[in-house]
Amino acid sequence: MTIGTLGKIGAALMLATAMAGCSSWDNMSHRQKSAVTGAGIGGVAGAVVTGGGILGTVGGAAIGGVIGDQIGKNR
């Protein structure tokens, strides 16, 4: 892993943390929380897999959000 990749991963993590902190987490349902968490994890995973590619990051976030939503629905 190169320094550039680590920097992109760090930036994605900071963005996900900032977005989660700005949302009204207490007023969200369990399903919504699962979708947000899944989108954050999916975005980071997509960035890692594609070497920081924007399409991989956005695609990972979208897929992660859908998976998190479906997991949250079952709880």
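Residues numbered from 1 in each chain as written. Predicted model: local features only at pLDDT ≥ 70, side-chain atom pairs only at ≥ 80, totals over all residues. Heavy atoms only, no water.

Caption draft 1: Representation of the overall build of the protein chain in the model. Helix and strand counts for the protein chain stand at 3 helices and 0 strands. Across the protein chain, helices and strands are ordered from the amino to the carboxyl terminus as α-α-α. Taken across its 75 residues, the protein chain has 24% of its residues classed as buried. In the protein chain, of all internal contacts separated by at least 6 residues, the share reaching a separation of at least 24 is 53%. Counting every atom, the protein chain has about 4900 Å² of accessible surface; 71% of that belongs to carbon and sulfur. (Helix = DSSP H or I, 4+ residues; strand = E, 2+ residues; numbered from the N terminus. Buried < 20%, exposed > 50% of the residue type's maximum accessible area, 1.4 Å probe, protein only. Contact = heavy atoms within 4.5 Å. Areas by Shrake-Rupley, 256 points an atom, 1.4 Å probe, with all protein chains shown as cover.)

Caption draft 2: Geometry of helix α3 (residues 54-73). Helix length check: α3, at 20 residues, gives a terminal C-alpha distance of 28 Å against a target of 28 Å (1.5 Å per residue), a fit within 8%. Within the span of α3, buried status applies to G56, G60, G64, G65, G68 and G72. In a view along the axis of α3, the buried residues occupy a sector of 160°, so they form one face of it. Away from its buried face, by an angle of more than 90 degrees, α3 presents the exposed residues L55, V58, I63 and V66. (Expected span 1.5 Å × (residues − 1). Arc of directions from axis to C-beta.)

Caption draft 3: View of a nonpolar patch on the surface. There is a patch of nonpolar side chains on the surface, built from I54, L55 and V58 and spanning about 360 Å² of accessible area. One can find I54 in helix α3. A relative accessible area of 63% means that I54 is categorised as exposed. (Patch = residues over 30% accessible without salt bridge, like charges linked within 9 Å, V, L, I, M, F, W, Y side chains within 5 Å. Salt bridge = Lys/Arg side-chain N within 4 Å of Asp/Glu carboxyl O.)

Caption draft 4: The arrangement of the pattern of salt bridges in detail. Taken as a whole and assessed by the stated rule, the structure comprises 1 salt bridge. In this structure, R31 engages D69 in a salt bridge whose closest nitrogen and oxygen atoms are separated by 2.8 Å. Placement of the pair is R31 in helix α2 (residues 30-49) and D69 in helix α3, with a sequence separation of 38 residues.

Caption draft 5: Region of the structure containing the UniProt feature "domain: Glycine zipper 2TM" (unreviewed entry) in the protein chain. The UniProt feature table records "domain: Glycine zipper 2TM" (unreviewed entry) at residues 34-72. Within residues 34-72, the helical portion is 90% and the strand portion 0%, while the C-alpha atoms at the span's ends are 5 Å from each other. (UniProt positions renumbered as here; feature names shortened; annotations may be inferred.)

Caption draft 6: Focus on the confidence of the model for the protein chain. For the protein chain, the average pLDDT comes to 83, and 91% of its residues sit at 70 or higher. By mean pLDDT, the top-scoring element of the protein chain is α3 (90), and the lowest-scoring one is helix α1 (residues 3-22) (75). (pLDDT = per-residue confidence, 0-100.)

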